Amino acid sequence: MAVSERIMVLGGDGFCGWPTALRLSREGYDVVIVDNLSRRKIDIELGCESLTPIQPIERRLRTWEELTGRHIAFYNLNIAEDYYELEKLIEEVRPKAIVHFAEQRAAPYSMKSPRHKRYTVDNNVNGTHNVLCAIVESGLDIHLVHLGTMGVYGYGTAGMSIPEGYLTVKVEIDGVDREIEIPYPPHPGSIYHMTKTLDALLFYYYNKNDDVRITDLHQGVVWGTNTEETLMHPDLINRFDWEGDYGTVLNRFLVEAAVGHPLTVYGSGGQTRAFIHIRDTVRCISLAIQHPPKRKERVKIFNQATETHRVRDLAQLVSRLTGAEIRYYVNPRNEAPDNDLVIHNRQFLELGLKPITLSEGLLYEVIEVAARYKDRIDMSKILSDSRWRADIPIDREGRAQQPAPPVAPAVNGH
Ligand code: NAD
Ligand code: USQ
């Protein structure tokens, strides 16, 4: 295999990273996974495990090689701490691209305590900086593909369609009105989301100063579990988070329905978020690798999301399909109770993405997985004790009626 076809996948043991590593390997790339298995350790800390019985990384990789004849190398490195090992590995592997998933990615986990806040900032910001620094030191022209988040734009009503990273504004220069493009103003809604806005600044700098070619994928909430490749053998099954910190909203509702827990809508459920199915995540990353920015091009930003939904509409849909009860809990987060969200996602569509959107068939597929493994769920872990501020009460009961709507619509970020 030509050296130019090697890809490093940082965080390749995780929910998005594992199916991406398999997809890229199947497409013919020579894949190298780097992961410190911190996510598996956090499962132990939280006292729960993936809904699906994920196998140790060594077994995952052995089975993949037996099935396909394709080898994926694995290095257990902490990219936030093991800088010199990372730099040496990059110099040895000489990858064409590095896909960077290796961050602490749960907003509620990042808000649990000072220790969790500090860990999230140390891990995510140092990790991203180490990768950039090592790319420059290697002297290689490596395309960095980073998994960012739609949350960097803030989740208030923007009053316009959210552009892909850059905003056109009018300014007066020497008495003349001119249009310029600026990075969209950051509006982080949690410590975790804040680290992604800090990552963006690091990208801006390394792109400007060192001409590092970077694609930042502003991804929405991922749902679903299996991809074509993870379905090839039970040993390849993907991780599925469901508990109060790491479980994301739609996957949580589907699991809650399977185990007979009320659907946990926070606040009025008026929050609108962008979504993407895990099968589209892996397709988008492959497309991003195939279409790198040119040398000296600014950081390329894609909105990696295919549709938007309001949380209470998702709860109503899942309830209709399964008969599950819906309950409204005091929102543990400090976020707008209600927002509209319209996003641009033209760039991936132009590259040929045929989006998978919410369909009953795909929802039933996840419900079926949840039903198969529901004995692995500890009901006491469904609600999180994480709160955005100490004065927000912890609500373990919820109520059957939707709370009264907010008095005034929220503005962006507040
Ligand atoms: P995940 O926690 O399942 O996977 C992250 C992986 O990175 C884990 O295997 C973990 O062990 C590893 N890791 C973390 N810190 C590391 C370090 N310092 N050194 C080496 N390995 C490290 O998360 P995910 O859901 O796969 O998310 C991957 C990326 O995609 C994250 O950056 C996240 O912010 C982004 N993202 C995820 C979603 C989602 O809904 N899951 C949505 C938008 C963006
Ligand atoms: N929510 C509920 N009930 C729940 C869980 C969540 O009502 O049981 C609500 C939340 O209050 C929030 C919305 O659903 O308004 C989304 O929450 P989430 O936990 O599904 O997603 P979020 O915290 O935003 O984070 C997830 C990933 C993160 C990624 C982000 C993309 O964990 O890594 O960056 O989605 S985005 O939301 O587009 O920023």
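So, how was this worked out
- Residues numbered from 1 in each chain as written.
- Chains lettered and ligands numbered in written order.
- Predicted model: local features only at pLDDT ≥ 70, side-chain atom pairs only at ≥ 80, totals over all residues.
- Helix = DSSP H or I, 4+ residues; strand = E, 2+ residues; numbered from the N terminus.
- Contact = placed C-beta atoms within 7 Å.
- Buried ≥ 20, exposed ≤ 12 C-beta atoms within 10 Å, placed from the backbone.
- Pairing = 2+ DSSP bridges.
- Core = buried A, V, L, I, M, F, W, Y, C linked by C-beta atoms within 7 Å.
- Axes fitted to C-alpha atoms, helices over the stretch in contact; angles between N-to-C directions.
- Parallel < 35°, antiparallel > 145°, perpendicular 65-115°, else oblique.
- Left-handed = near helix turned anticlockwise from the far one by under 90°.
- Nonpolar A, V, L, I, M, F, W, Y, C, P; charged D, E, K, R; others polar.
- Near = placed C-beta within 6 Å.
- Arc of directions from axis to C-beta.

Q: An account of the overall build of the protein is needed here, citing residue identities and associated values.
A: Of regular secondary structure, the protein possesses twelve helices and 16 strands. Overall, the protein is about 70 × 60 × 40 Å in size when its C-alpha atoms are taken along their principal axes. Considering only contacts in the protein between residues 6 or more positions apart, those separated by 24 or more positions represent 83%.

Q: Could you give an account of the pairing of strand S12 (residues 272-277), with specific residues and numbers?
A: Within S12, five of the six residues are buried, leaving the element largely enclosed by the surrounding structure. As paired strands, strand S10 (residues 221-223) and S12 are joined by three bridges and run parallel to one another. Pairing of Val-221 across the sheet is with Phe-275, part of S12.

Q: Run through the nonpolar core, naming residues and quoting values.
A: Judged by nonpolar contacts, the single largest core of 95 residues is most densely connected at Ile-7, Leu-10, Val-31, Val-99, Phe-253 and Leu-254. Excluding residues that lie within four positions of it along the chain, Phe-253 makes contacts with Leu-263, Leu-314, Ala-315 and Val-318. Counting residues in each nonpolar core, the second largest holds eight residues, with Ala-106, Ile-191, Met-194 and Tyr-246 among its members.

Q: Outline the packing of helix H4 (residues 83-93) against helix H6 (residues 114-138), supporting the account with residue identities and numerical values.
A: Direction vectors running N to C along H4 and H6 enclose 45°, while the axes themselves pass 9 Å from each other. Considering their axes alone, H4 and H6 lie oblique with respect to each other. Handedness of the H4/H6 crossing: right-handed. For the pair H4 and H6, the contacting residues are Tyr-83, Leu-86, Glu-87, Ile-90 and Glu-91 in the first and Asn-130, Ala-134, Ile-135, Glu-137 and Ser-138 in the second. A per-class count over the contact of H4 with H6 returns five nonpolar, two polar and three charged.

Q: Can you lay out the site of ligand 2 for me, pointing to particular residues and giving the numbers?
A: Among the 22 residues in the neighbourhood of ligand 2, the closest are listed as Thr-149, Met-150, Gly-151, Val-249 and Tyr-266. Contributions of two or more residues to the shell around ligand 2 are made by helix H8 (249-259), strand S11 (263-266) and S12. Looking at the shell around ligand 2 element by element, the count peaks at three residues for S11. Grouping the constituent residues of the shell around ligand 2 by class yields nine nonpolar, eight polar and five charged.

Q: Requested: an account of the site of ligand 1, with residues and values cited.
A: Taken together, 27 residues lie around ligand 1, and Gly-11, Gly-14, Cys-16, Arg-105 and Leu-147 are the ones closest in. Secondary-structure elements contributing two or more residues to the shell around ligand 1 are helix H2 (38-46), H6, strand S5 (143-149) and S10. Its residues assigned to classes, the shell around ligand 1 comprises ten nonpolar, eleven polar and six charged.

Q: Outline H4, supporting the account with residue identities and numerical values.
A: All of the buried residues in H4 are Leu-86, Leu-89, Ile-90 and Val-93. Angular distribution of buried residues about the axis of H4 spans 100°; they occupy a single face of the element. Exposed side of H4, more than 90 degrees from the buried face: Tyr-84 and Glu-92 are the residues found there. Residues of H4 that are buried make contact with strand S1 (6-10), strand S2 (30-34), strand S3 (73-75) and H6. Trailing H4 by a residue or two, Arg-94 shows a phi angle of about 50°, which is positive.

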